[in-house]
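Residues per chain, in single letters:
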Amino acid sequence: MTKIVCLNGHIGSGKDVAAKALQPLGFENRKLSDPLTHAVRNLFDIEEYHGVKDRVYEEAFGRTFRHWQIAVAKMLHKESLYRGPLAHILIRSYPKDSWDKVVISDLGRTEELEVLVAKFGAENILLISIASTTDPHRFLEAEKAIPVAPTDDRKYVSVLEARTLGITTRKVSNDYTDKFKGEIIDAVQEWLLTKEEK
């Protein structure tokens, strides 16, 4: 049975740490941004990329890797005839039978979540909204989703939007201790138990 955990939060909120914490439960981490990473690396011939998105690369015309990932994502969303193009690409990138336990550690846009719901069903998706203790926006609960940074016009899905899609949601604060990892694991295990009871 498909079980997808989507992690949502601003830059630096701890989404990758949360995804790693779920590996012992059998969850495989997949990223909507993987195609963007490949595109930017190929476009600028960046061989030595070690996940440092905010480093300035001279071969990328003095911009950060994250800058170009965002620019490519904007183009995809603007030019695509389909809503949620990154979710469509992610789904196509893996065999149908490989979606048993998946964590998507970089869910952002509502339309990406809508594609996942259409494919796998709202009952099979858990959205965890992560806020760091230093995050001025805290949890993404606003009626309108909040841009992640002043220069970044991406809108991250809010907890309220996810609930209107019928998705179970949880909120977890990242205090940058092991307590955070434990709360992520607890939230997912509680959700899995409710699925088993049904």
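Note: the structure precedes this text.
Source: prediction; values computed, not measured.

Peer 1: Is there a simple way to think about the pattern of salt bridges in this case?
Peer 2: Pairs may arise between side chains of opposite charge once their charged atoms sit close together. Counted according to the given criterion, the structure contains 8 salt bridges. Among the salt bridges present, the one from glutamate 190 reaches arginine 170, with a minimum N-O distance of 3.0 Å. Of the two residues, glutamate 190 is situated in helix α7 (residues 178-197) and arginine 170 in strand β9 (residues 168-174); the sequence distance between them amounts to 20 residues. Among the ionic pairs, aspartate 178 bridges to lysine 181, the shortest N-O distance being 3.6 Å. Taken together, the residues span about one helical turn, with aspartate 178 and lysine 181 both in helix α7 at a distance of 3 residues. With relative accessibility at 34%, the residue lysine 181 sits in the partly exposed group.

Peer 1: What exactly am I supposed to notice about the pairing of strand β1 (residues 3-8) here?
Peer 2: The side chains of a regular strand alternate between the sheet's two faces. Extensive coverage of β1 is indicated by the burial of 6 of its 6 residues. Both faces of β1 are covered, namely the face carrying Lys3, Val5 and Leu7 and the face carrying Ile4, Cys6 and Asn8. One ladder, built from 4 bridges, connects β1 with strand β5 (residues 101-104); its direction is parallel. Residue pairing across strands places lysine 3 opposite lysine 101, the latter belonging to β5.

Peer 1: Even after reading the chapter, I still don't get the side chain of serine 13, so can you show me in this structure?
Peer 2: Residue position: serine 13 is located in the loop between β1 and α1 (15-21). In this view, serine 13 contacts Ile130, Ser132, Asn174, Tyr176 and Phe180; residues no more than four positions away in its chain are not counted.

Peer 1: Would you explain α7 in this entry?
Peer 2: Each α-helix winds once per 3.6 residues, and so residues spaced three or four apart point in a common direction. Between the first and last C-alpha of α7 there are 29 Å, a value that for 20 residues agrees with the 28 Å anticipated at 1.5 Å per step. Restricting attention to buried positions, one finds in α7 the residues Phe180, Ile184, Ala187, Val188, Trp191, Leu192 and Lys195. Axial view of α7: buried residues confined to an arc of 130°, hence all on one face. Of the residues in α7, the exposed ones pointing more than 90 degrees away from the buried face are Asp178, Lys179, Glu196 and Glu197.

Conventions adopted
Residues numbered from 1 in each chain as written. Predicted model: local features only at pLDDT ≥ 70, side-chain atom pairs only at ≥ 80, totals over all residues. Heavy atoms only, no water. Salt bridge = Lys/Arg side-chain N within 4 Å of Asp/Glu carboxyl O. Helix = DSSP H or I, 4+ residues; strand = E, 2+ residues; numbered from the N terminus. Buried < 20%, exposed > 50% of the residue type's maximum accessible area, 1.4 Å probe, protein only. Pairing = 2+ DSSP bridges. Contact = heavy atoms within 4.5 Å. Expected span 1.5 Å × (residues − 1). Arc of directions from axis to C-beta.

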